[in-house]
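Single-letter residue listing:
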Amino acid sequence: REAVVALEPALLQQAMTQPRFFGEDNHPARRLVESVAQRSFRYNDEFSEEFDSFFAPVREAFRTLNERASDDPKAFGETLEQLRGHWRSQDEREEQVKNDQLRALRHAEDRQALADRIAWDLSQRPDVENAPGFILDFIYGSWSLVLASAEMGLPATQEDLNAYRKAVSDLLWSIKKDVTLRRPAELFRIVPGLVKTLRRGLEVLGKSPAETQTFFDALLRLHEPVLGLRRAKVRSDSGHSDPIPLDDEAATALLVLEELAPATPEQRVPKAADQPWLGKNEMASAGFEDTIATDYGSLHGAEFDTSTSGALEDESALDAEQLLLSLREGAWVDLYSHGEWLRAQLTWASNRGTLFMFTSRGGRAHSMTKRVCVRLIRNRWLRPVEARPVVQAALDAVLTAGPPPVLEPVSQH
């Protein structure tokens, strides 16, 4: 507002020759005012250094226009190009940062979509029949991501992809107790290499050992009776694979393991992931950790807590969800993060609307899940900012108000 008021002499000079120039969408003077106004939506504090770095060149450019006192509209166009040149150099730096951050999110989304298709293909294999639930959960979940990641890296990852595919067959074979009880030597030979391949694939994907330890513990409990028996009855001809009877205690232990329970009908059908899986490094590069503000607690840690999903049924949560889904790329918001309010722009949303990335000054990324966004909106820590065309809004207001009233002359009598 201050800048537009300061530009009044130049605008009045323009009005001398074109009284209705503000009604022309493409008039250089109107485009200049509108462009400066739209650019200002990046800032939410007129006293900040960031805003001053934006406003100082604008102030100088407008002062120069006033001094020129030209009625040629080209002067406004030249000034706009000068300002845009300054903005472009700033935008190019931020765009590079933003693209690097978006690359991780888009890669994760593509990888998850491919993993979902791979999981479905795996579910059609005949050897998944009667597999325990935790085995199918692993194959359809983590291991499908490993396969997808390797497939996306072809041709450089062809050897790894072959090993990862073979690991699926070995894993499903190793849990067939009616086969492994007759051929314990082969199981004893396969398991070490199988576990090594599984751990390597998960490590390349970005999963930490702690994230997958529960699976390997269960797999060990499933294999241990046969492997333990093999070690106990090893003979000089240890390579012999004839059937070796289990004692009653080992057989009982094998049968009572919960992990041996066949998968339920629901577990046998892979479910498409609600949101792309991201590794720790991917989350950091995409700005997930930056979203965690100590002032309002670790919202990121709560995003995967399904025990609180009932809260989304609350009416205010539904309103917040509708508001979130109404945002489009390019929309501006005020976001509270790490003790300060930031003006940020929605730069990316996943195809399913479950992940969102906002970018604030300097290309700083703030990525979060739908659940976290909804919670922020409900607590008014994420507030959409209306950024409509300023000049048109002002003209509409004038038209709505109508012309000023005409005063009747006062009689002298």
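Note: the structure precedes this text.
Residues numbered from 1 in each chain as written. Predicted model: local features only at pLDDT ≥ 70, side-chain atom pairs only at ≥ 80, totals over all residues. Heavy atoms only, no water.

A. Region of interest: the overall build of the protein chain. When helices and strands are counted, the protein chain shows 18 helices and five strands. Within the protein chain, the proportion of its 413 residues that are buried is 41%. Of all intrachain contacts in the protein chain linking residues separated by at least 6 positions in sequence, the fraction that spans at least 24 positions is 70%. (Helix = DSSP H or I, 4+ residues; strand = E, 2+ residues; numbered from the N terminus. Buried < 20%, exposed > 50% of the residue type's maximum accessible area, 1.4 Å probe, protein only. Contact = heavy atoms within 4.5 Å.)

B. View of helix 9 (residues 184–205). Along its 22 residues, helix 9 runs 31 Å from first to last C-alpha, staying within 8% of the 32 Å computed at 1.5 Å per residue. At isoleucine 190, helix 9 shows its maximal kink, close to 30°; a proline, proline 192, follows between one and four residues later. Within helix 9, burial applies to Pro184, Ala185, Leu187, Ile190, Val191, Leu194, Thr197, Leu198, Gly201, Leu202 and Leu205. Positive phi appears at glycine 206, one or two residues downstream of helix 9, with a value of about 115°. (Expected span 1.5 Å × (residues − 1). Bend = angle between axes of the 7 residues up to and from the residue.)

C. Geometry of the pairing of strand 2 (residues 340–349). Here six bridges tie strand 1 (residues 332–337) to strand 2, and the two strands are oriented antiparallel to one another. Bridge pairing links aspartate 334 to arginine 343 in strand 2. Where strand 1 folds back on strand 2, the antiparallel hairpin that results is connected by two residues, among which histidine 338 adopts a positive phi of roughly 55°. One ladder, built from four bridges, connects strand 2 with strand 3 (residues 355–360); its direction is antiparallel. What sits directly across from tryptophan 348, in strand 3, is methionine 357. Between strand 2 and strand 3, which pair antiparallel in sequence order, lie five residues; one of them, glycine 353, sits at a positive phi of approximately 65°. (Pairing = 2+ DSSP bridges.)

D. Spotlight on the packing of helix 3 (residues 28–40) against helix 5 (residues 74–123). At their nearest, the axes of helix 3 and helix 5 sit 8 Å apart, and the two run at 25° to each other. Judged by the inter-axis angle, helix 3 sits roughly parallel to helix 5. The interaxial crossing formed by helix 3 with helix 5 has left-handed handedness. When helix 3 is examined against helix 5, the residues Pro28, Ala29, Arg31, Leu32, Ser35, Val36 and Arg39 are found in contact with a partner set consisting of Phe76, Gly77, Thr79, Leu80, Leu83, Arg84, Trp87, Gln90 and Asp91. The residue makeup of the contact of helix 3 with helix 5, split by class, is eight nonpolar, four polar and four charged. (Axes fitted to C-alpha atoms, helices over the stretch in contact; angles between N-to-C directions. Parallel < 35°, antiparallel > 145°, perpendicular 65-115°, else oblique. Left-handed = near helix turned anticlockwise from the far one by under 90°. Nonpolar A, V, L, I, M, F, W, Y, C, P; charged D, E, K, R; others polar.)

E. Layout of the sheet that holds strand 1. The sheet built from five strands is open, its strands ordered 4-3-2-1-5 with antiparallel pairing. Of all the strands in the sheet, just strand 4 (364–369) and strand 5 (382–385) have a single pairing partner and so form its edges. Strand-to-strand twist in this sheet, taken as the mean axis angle between neighbours without regard to direction, amounts to 35°. Here helix 5 sits on the sheet in contact with strand 2, strand 3 and strand 4, set at roughly 180° to strand 3. Sheet contacts for helix 17 (residues 370–378): strand 1, strand 3, strand 4 and strand 5; angle to strand 4, the most-contacted strand, approximately 100°.

F. Looking closely at the environment of tryptophan 87. Assignment of secondary structure puts tryptophan 87 in helix 5. The class of tryptophan 87 is buried, set by a relative accessible area of 8%. Measuring from C-alpha to C-alpha, the distance between tryptophan 87 and arginine 39 comes to 8.9 Å, with 48 residues separating the pair along the chain. Contact partners of tryptophan 87, with chain neighbours within four places excluded, come to Ser35, Val36, Arg39, Phe54 and Val58.

G. Spatial organisation of the packing of aromatic side chains. Applying the stated criterion to the full structure yields 11 aromatic pairs. When the centroid spacing of 5.2 Å and the interplanar angle of 50° are considered together, the rings of tyrosine 336 and tryptophan 341 count as tilted. You can call tyrosine 336 buried: its relative accessible area is 17%. An aromatic cluster is present here, built from Phe134, Phe138, Trp143, Tyr164, Phe215 and Phe216 joined pairwise through their rings. Directly above the aromatic system of phenylalanine 216 lies the positively charged group of arginine 199, at a separation of 4.0 Å from the ring centroid. (Phe/Tyr/Trp six-rings, centres within 6.5 Å; stacked < 30°, edge-to-face > 60°. Lys NZ or Arg CZ within 6 Å of the ring centre and 35° of its normal.)

H. Representation of the nonpolar core in the model. Core analysis: the biggest nonpolar cluster contains 42 residues, and Ile135, Trp143, Leu198 and Phe215 have the highest contact counts within it. When residues of this core are assigned to their parent elements, the largest contribution, 12 residues, is made by helix 6 (residues 133–152). In contact with leucine 198, other than residues within four places in its own chain, are Phe138, Trp143, Ala167, Phe215, Phe216 and Leu219. Core analysis: the second largest hydrophobic core is formed by 22 residues, Ala10, Leu11, Ala75 and Leu80 among them. (Core = buried A, V, L, I, M, F, W, Y, C linked by side-chain atoms within 4.5 Å.)

I. Looking closely at the pairing of strand 4. Here strand 4 lies mainly inside the structure; five of its six residues are buried. As paired strands, strand 3 and strand 4 are joined by six bridges and run antiparallel to one another. Across the sheet, residue phenylalanine 356 finds its bridge partner in strand 4, namely methionine 368. Linkage of strand 3 to strand 4, two consecutive antiparallel strands, is achieved through a turn of three residues, within which glycine 362 is found at a positive phi near 75°.

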